[in-house]
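What the coordinates show
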Amino acid sequence: YVCAHWHEPDSGIWEVRDASRHFVYSKVMCWVALDRGIRAAQHLHLEADLPRWCRVRDQIRADVLTHGYHTTTGAFTQSYGDTTLDASTLLLPLVGFIPPDDPRMRSTVERIMEQLTDENGFVFRYLAEDGLSGSEGTFTICTFWLVDNLAMQGRVAEARSLFERLLTYGGRLGLFSEEIDSHDGGAMGNYPQAFTHIAFINSAINLQKATWRLNERSTEPIMAAITIKLQE
């Protein structure tokens, strides 16, 4: 199915209400589907059309690298031919699509930090018209994705600082909301949000790995924090 339909436009991860587009995130997820399918077939000796899957997987990656990175903006953008920044592009190195230290990914992180964050460094999912009324806060899961990128790039002190700031927004019950109001710090959106907690755990693990690699300092504070959250 992916081989037959990956080239079609869609509504993206955020389900925008305007016209269908070629969203970078959607293309990358098609790449992920084939990449993991190939690995599973090889590892488990399953019957599969591996030559076709490998060919289309490589085709998708080349397509995204050609059309998904806006050279003038200096970032992977929300969709092909667009300049809109989108926090979902922070997932590219997390799923193995591109190395975290690739210059294109480094510049994407910089543009997001410059243009898609509030004064706390928390990340909006995007700042563009989407066909919906009203405003929204920063997305907690997206901010954890930024923590992951900073950690994987070796910027451990920055990643740790952002991670620890996020921990203070866990609420009295130690639970995270979907969004954080950038004006008063209040919880917004779904509460509690399961995806946010998955991202929280992943960021703690990525920070631990990055700290081990750099041997900067003990990882006990991070693991103590995640242990407390899980116990609560």
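Here is a short report on the structure shown in this document.

Re the nonpolar core
Counting 58 residues, the largest nonpolar core has Val28, Ile60, Val64, Phe76, Phe97, Cys142 and Phe163 as the members making the most contacts within it. The set of elements that each furnish at least two residues to this core consists of helix 2 (24–44), helix 3 (50–67), strand 2 (75–76), helix 4 (103–115), helix 5 (140–152), helix 6 (156–167) and helix 7 (194–214). With eight residues, the single largest contributor to this core is helix 5. Apart from the residues within four sequence positions on either side, Ile60 is in contact with Trp6, Lys27, Cys30, Trp31 and Leu34.

Focus: the environment of Ile198
By secondary structure assignment, the location of Ile198 is in helix 7. Residues Ile198 and Ile141, spaced 57 residues apart in sequence, show a C-alpha to C-alpha distance of 8.5 Å.

Details of the sheet that holds strand 5 (residues 187–188)
The strands that make up a sheet pair up through hydrogen bonds in the backbone, lying either parallel or antiparallel. With respect to topology, three strands assemble into an open sheet ordered 3-4-5, the strand pairing being antiparallel. At either margin of the open sheet sits one strand with a lone partner, and together these are strand 3 (138–139) and strand 5. Looking at chain direction, strand 3 and strand 4 (residues 179–180) are connected through two bridges and run antiparallel. Opposite Thr138, over in strand 4, you have Ile180 as the bridge partner.

A look at the environment of Lys27
Mapped onto the fold, Lys27 is located in helix 2. For the pair Lys27 and Trp212, spaced 185 residues apart in sequence, the C-alpha separation works out to 33 Å. Not counting chain neighbours up to four residues away, the residues in contact with Lys27 comprise Trp6, His7, Glu8, His22, Ile60, Val64 and Tyr80. Among the polar contacts made by the side chain of Lys27, one reaches the side chain of His22 at a distance of 2.9 Å.

With respect to the pattern of salt bridges
Evaluation of the coordinates by the stated rule reveals eleven salt bridges. A salt bridge links Arg57 to Asp58, with the shortest nitrogen-to-oxygen separation between them at 3.6 Å. Across the salt bridge formed by Glu158 and Arg155, the nearest N and O atoms sit 2.9 Å from each other. On the accessibility criterion, Glu158 (37% relative accessible area) is partly exposed. Taken together, the shared-partner salt bridges in this structure form one network comprising Asp35, Arg36, Arg39, Arg57 and Asp58.

What counts and what doesn't
- Residues numbered from 1 in each chain as written.
- Predicted model: local features only at pLDDT ≥ 70, side-chain atom pairs only at ≥ 80, totals over all residues.
- Heavy atoms only, no water.
- Core = buried A, V, L, I, M, F, W, Y, C linked by side-chain atoms within 4.5 Å.
- Buried < 20%, exposed > 50% of the residue type's maximum accessible area, 1.4 Å probe, protein only.
- Helix = DSSP H or I, 4+ residues; strand = E, 2+ residues; numbered from the N terminus.
- Contact = heavy atoms within 4.5 Å.
- Pairing = 2+ DSSP bridges.
- Polar contact = N/O pair within 3.5 Å; in protein donor to acceptor, adjacent residues only side chain to side chain.
- Salt bridge = Lys/Arg side-chain N within 4 Å of Asp/Glu carboxyl O.

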